[in-house]
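A structural walkthrough
Here is how the chains run, residue by residue.
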Amino acid sequence: MSKTPGAPTVSTLADLFGAAYQIEIDAVERYKILADQMEIHNNPEMVDVFRDLARAEGIHAEEIRRQAGAIDVVEHGRRVGKWTKGESPEEADLGAAHYMMTPWHALQMALAGEKRALAFFTHIVETAKDQKVIKMAAEFVEEETEHVNLVHRLLRKYPVPPESWPQDPDPPVSQE
Amino acid sequence: MEEMILTVDTQLACKPSDYRSDVKPVWCPGCGDYHVLMAFTRAFAQLAVPAEQIAVISGIGCSSRIPAYTNCYGFHGVHGRSLALASGLKVTRPDLTVVVASGDGDGYSIGGNHFLHACRRNIDMTYVVMDNRVYGMTKGQPSPTTEPDFDTAISPGGTGLSPFHPLVNALASGANFIARCFAGEPNETAAILVEAIRHPGFSFVEILSPCVTYRPDQKAWKDLVHPAPVGATNDPAKAARRIMTDDGFNIGILYRGERRPYQPKFGRQSLDPSELEQEFEI
Amino acid sequence: MTEAEHLSIAIVGSGGAGALTSGNLLLEAATAAGWYGLLTRTVGPQIRGGEAAALIRLANRPVECLADQFDLLIGVDWLNADRFGAEIEVGPHSLVISDPRSGELPAFVKNSGIRVVEIPLKEITKSIPEGRPNMIALGIAAKLVGLNEEVFTALIEKRFAEKGRVASQASRAALQAGFAAAADIQFDKRLAPPVAGKKRWLVSGNEATGLGAIRGGVRFAAAYPITPASEILEWLAPRLAKVGGVLLQAEDELASINMIIGASFGGTPALTATSGPGLSLMIEALGLATAAEIPIVVVDVMRGGPSTGIPTKSEQADLNIAVYGFHGDAPHLVLAPQSIGDCLFTAQWAAYLAEALQAPAIVLSDQFLGQTVAAIERPADVAFIGERIRHAGADAPYQRYALAANGISPMAIPGMRGAQYTAEGLTHSERGTPTSGAAAHRVQLDKRRDKLEQFTFGDHWATIEGKGEIAVITWGSLTGAVREAIELAGRDGIAVRLVAPRLLLPVQNVRFAAALDGVKRILVVEQSHSGQFYRYLRAHYDLPGEVRVLHRPGPFPIRPSEIHKAIAEWRK
């Protein structure tokens, strides 16, 4: 799997934990932003969905922090977790949001994010030199795979929305 | 004028979230401007300039809502005049980092004249125009950058007018730094904003920022944008050729000029005001 | 030989004759010799070579307007001079010096019964190398009004220094020839000796406005050139730089007004100067300054309107737009200087008030004040320096538009940590966040109105002089003419009060009523076609008793005698 252009280079365990942690933290922030958008745009169901997703990512972040032990994931995350092109893998695509979006859409966003994260860690497994890094990265691959499967399971609960999902009988309003 | 003491603990102001206010944006979900806001806060964090040393000046339009969403000083002025507000501010407060935010209507239509003269004047500031090729705030009328065949209620069948070319005009008018970004790449955009802000003189950054409500066709932009085939030049003639022939989706820094920024002397007195009456004495 | 309190001289010429230069030198010399006086000018539409007349009034005490008639009229030539007929009134008691070789006397001169003396100016010039007829005319005028040659020596040196010794010498020679030519002319009016001792300035209203602005704390100006305000900008540009400020020429008035708002937002008291057409363009941003509570000063040197109008002439017809022109309800400050010296005070006070009240202040000057040069008593120093109340950095989250007892909320200046806010033209909460709610809208409207209404403006709000049952209410540049008319009425035994508001907004109802206490007849005097000032008075104030209005549009000022006549007629 080729490295995503702009992705950070991970060589050490500190790099790995830092990057993994930052990915989750970025995801939390992103889902919070989306929750706020949904709140302002009066889509309460989606507020809950995004807040739940944010919470879930927060839990992942805490797990990583725990797993990292003595490694200061916050510090290393800030140092290494920068994507110069594209975004952090689990940052949901803001461009795909819509004020009338449904949980199905959010889960598609989440799915895409988990898949990107999976690809990121897979690449590290394939290319890292440090055995400890490879081993840990493989664990992350497993975790992300689990996340992907989880999202798939959740998606089964939600039907594909009808084509009319974005239809709003009211026209847009001129504000200024 | 008391001196503004820059704090040493810039560590505090290093996170993008430090540059975000608690005001929740009213932009439509899916709007490119959310990414631009992100790019702003990331750029400010990278520059590590304290939030109180930054002034974000805007006019009217969706993009112009951005100042209140940052934790910097801001001015939400009237339509088309943000560059003038910013010019008066920067000349008298050269210590501030001044970023001007506008849109294609605010900046290129009603603000067109000020755009030309701001490029010409070359005061040290950064002008960010969120271009979505439509008037989003007022229900979807064409802007100067709208394609000639784009159908709207106010111009059925399209305007038939050749779109305004902001980068060409910026170069011709003397802008000292010209770049184009895509909102969908907020980290790249942040990096370019950092360079734009650091570059002395008038830096112009046009950000293609899709309008989810009136231009859903702009979802295709993420597949149309591409890195500029060549790096930035400091030769206006070369830049002119490149910019005149560019397809509108070249992303990157296109021109880095070497003009000295315009900053008249300010704040240093060589004559006491009480002596001014002497010329009238009979 | 009669001693006159004042003498009026007009020098007319065209095509590069230099009539205005002679007029300037005459005023400079007379004032150097101790007299007071003023100079205004009237010109044709050409940029160069046009017909021009210097209109000078000299007096033994300060004068603020032109007299009704000219005592002495000198024509370097008479080409197209009939255009000046309405402004240069002459009569049987006047004297005209005319060069028989320079055209026929215009009808308005010929038919006035004026005494004519012919002097061959061109002929005399021929005998002086590089000599110019306007300097001969100057010599004649100087001799007739009673000036000495010596007082001109230094002035000519200075004036012609750049042009070289030859020009300087030629001017002096021509001046001397003028003195000589006037030796045999009978002119039995002399200026009464000046009242000595007071420090005096020779200054124009535009220059005084600039100085007042700087004294009031202004350190940034941005402006676009426009007649008749450009001299304010030209005066300010180098001098602002010397005192640590700067003036930028903007690309248009829209940029000018927004630049000064930006500078003021950053903490620097700021000003722009324009005329009617420019003020029209600035109205939107004036509303922004009002809504966002940002102090600025906008000087409007009024000229003939509407639209492009008469750029070189005075009128008082921008009152409506200054007072009522903003969309929405946008209380703000409007002030109007009453004389050239008052341009200094009013500009300074406006800068102070704008800062104190965090509001825009429009100063309505006019072309007559702006471009007239006068010798005035040195204005008293006043302690008005613009300084807004700044946020002190308290712990609570900063509310830019917080309610306060006096309506004035402290202003944070960019750079101050912890007080970041976004200045807003949208209706906003106390914090400054946009809102369309009724309560916040009302609260902020009240705040901006109340802060002006509860402010103590003091006695400067108006000039109130005299006693009597008749009051003349006027404003701006007509105050001087009204004062003279009242003096004339006084000599007739008629007691007349003068009420001239300097502060037009916010209105001062209580004090205005007090000023008119006991008045039974009111004469409103103003220079507008529609009676803008009269309607403003009617809209905001009670006018007791009978009211008459003496109003006409520009381009010519209302003279003391016209006002005096209106007062005297009413007594019958």
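Scroll up for the structure.
Our subject in this report is the structure included herewith. (Residues numbered from 1 in each chain as written. Chains lettered and ligands numbered in written order. Predicted model: local features only at pLDDT ≥ 70, side-chain atom pairs only at ≥ 80, totals over all residues. Heavy atoms only, no water.)

**Quick look at the packing of aromatic side chains**
Counted according to the given criterion, the structure contains 36 aromatic pairs over all chains. Between phenylalanine 75 of chain B and phenylalanine 265 of chain C, the aromatic rings sit 5.0 Å apart at their centres with planes inclined by 65 degrees, giving edge-to-face as the arrangement. Of this pair, phenylalanine 75 of chain B sits in strand S2 (residues 73-76) while phenylalanine 265 of chain C sits in helix H9 (residues 253-265), on two different chains. The two residues phenylalanine 75 of chain B and phenylalanine 265 of chain C agree in class, both being buried. Where phenylalanine 265 of chain C meets tyrosine 421 of chain C, the ring centres are 5.9 Å apart and the plane angle is 70 degrees; that geometry is what we call edge-to-face. Placement of the pair is phenylalanine 265 of chain C in helix H9 and tyrosine 421 of chain C in the loop between strand S16 (373-377) and strand S17 (422-424), with a sequence separation of 156 residues. Tyrosine 421 of chain C shares its class with phenylalanine 265 of chain C; the two are buried. In this structure an aromatic cluster arises from ring pairing among Tyr108, Phe115, Tyr127, Phe164, Phe202 and Phe204 of chain B. In this structure, arginine 215 of chain B packs its charged tip against the face of phenylalanine 150 of chain B, placed 3.9 Å from the ring centre. Above the face of the tyrosine 36 of chain C ring, arginine 200 of chain C is positioned so that its terminal group lies 5.6 Å from the ring centre. (Phe/Tyr/Trp six-rings, centres within 6.5 Å; stacked < 30°, edge-to-face > 60°. Helix = DSSP H or I, 4+ residues; strand = E, 2+ residues; numbered from the N terminus. Buried < 20%, exposed > 50% of the residue type's maximum accessible area, 1.4 Å probe, protein only. Lys NZ or Arg CZ within 6 Å of the ring centre and 35° of its normal.)

**Structural notes on the pattern of salt bridges**
A pair can form between side chains of opposite charge whenever their charged atoms are brought close. Residues and elements named next belong to chain C. One pass over the structure, following the stated rule, counts 59 salt bridges over all chains. Measuring nitrogen to oxygen at the nearest pair gives 3.5 Å for the salt bridge that ties glutamate 5 to arginine 61. Taken together, the residues glutamate 5 in the loop between strand S1 (2-4) and strand S2 (6-13) and arginine 61 in the loop between strand S4 (52-59) and strand S5 (72-75) connect sequence positions 56 residues apart. By relative accessible area, which is 32% here, arginine 61 ends up partly exposed. Residue arginine 215 is joined to aspartate 381 by a salt bridge in which the shortest nitrogen-to-oxygen separation is 3.4 Å. (Salt bridge = Lys/Arg side-chain N within 4 Å of Asp/Glu carboxyl O.)

**Considerations on the interface of chain B and chain A**
Every contact between the two is made by 27 residues of chain B and, on the other side, 26 residues of chain A. Both faces combined, the contact of chain B with chain A buries some 2,200 Å², and carbon together with sulfur accounts for 55% of it. Taken as a group, Lys24, Pro29 and Asn187 of chain B account for 26% of the area that chain B buries against chain A, more than any other trio of residues on that side. Counting the contacts that link chain B with chain A gives seven salt bridges. Summed over the shared surface of chain B and chain A, the result is 13 residue pairs in polar contact (both at pLDDT 80 or more). (Contact = heavy atoms within 4.5 Å. Buried area = accessible area lost by both parts, 1.4 Å probe. Polar contact = N/O pair within 3.5 Å; in protein donor to acceptor, adjacent residues only side chain to side chain.)

**Examining empty space enclosed by the protein**
Residues and elements named next belong to chain C. This model, assessed by the stated rule, comprises four cavities of 30 Å³ or more. Each pocket or cavity is described by its volume, and for the largest cavity that value is around 140 Å³. Taken together, 15 residues form the lining of the largest cavity, with Leu66, Glu87, Phe368, Pro555 and Pro557 sitting closest to its centre. Elements that contribute at least two residues to the lining of the largest cavity include exactly strand S3 (36-43) and helix H13 (367-371). Its residues assigned to classes, the lining of the largest cavity comprises seven nonpolar, four polar and four charged. (1 Å grid on protein atoms, 1.4 Å probe; cavity = no way out; pocket = protein on both sides within 12 Å on 5 of 7 lines; lining within 4 Å. Points joined across faces, edges and corners; volume = space filled by probe spheres on them. Nonpolar A, V, L, I, M, F, W, Y, C, P; charged D, E, K, R; others polar.)

**So, helix H5 (residues 131-157) of chain A**
Residues and elements named next belong to chain A. An ideal rise of 1.5 Å per residue puts 39 Å on 27 residues; H5 measures up with 40 Å between its terminal C-alpha atoms. Along H5, the positions that sit buried rather than exposed are Val133, Ile134, Met136, Ala137, Phe140, Val141, Glu143, Glu144, His147, Val148, Val151 and Leu155. Buried residues in H5 make contact with helix H1 (13-40), helix H2 (44-68) and helix H4 (103-127). Capping the start of H5 is the job of one residue whose side-chain oxygen sits 2.8 Å from the backbone nitrogen of lysine 132: aspartate 130. (Expected span 1.5 Å × (residues − 1).)

**Some remarks on the interface of chain B and chain C**
Facing the 53 residues of chain B at the interface are 58 residues of chain C. Approximately 4,700 Å² of surface area, both sides summed, lies buried where chain B meets chain C, with 60% of it carried by carbon and sulfur atoms. For the chain B face of the interface with chain C, the top three residues by lost area are Tyr73, Phe280 and Ile282 of chain B, together amounting to 18%. For the pair chain B and chain C, the number of links is seven salt bridges.

**Some words on the sheet that holds strand S14 (residues 333-335) of chain C**
Residues and elements named next belong to chain C. Spatially, S11-S10-S12-S13-S15-S14-S21 is the arrangement adopted by the seven strands of the open sheet, whose pairing is mixed. One side of each edge strand has no neighbouring strand; the edge strands of this open sheet are strand S11 (246-249) and strand S21 (503-505). Strand after strand, the sheet turns through a mean of 20 degrees between neighbouring axes, direction not considered. Examined bridge by bridge, S14 and S21 share two bridges and lie antiparallel to one another. In the strand pairing of S21, valine 334 is matched with leucine 505. Helix H8 (residues 230-242) contacts strand S10 (220-223), S11, strand S12 (270-274) and strand S13 (296-302) of the sheet and is inclined by roughly 135 degrees relative to S11. On top of the sheet, helix H12 (residues 340-357) reaches S13, S14, strand S15 (360-366) and S21; it is set at about 175 degrees to S14, its chief contact. (Pairing = 2+ DSSP bridges. Axes fitted to C-alpha atoms, helices over the stretch in contact; angles between N-to-C directions.)

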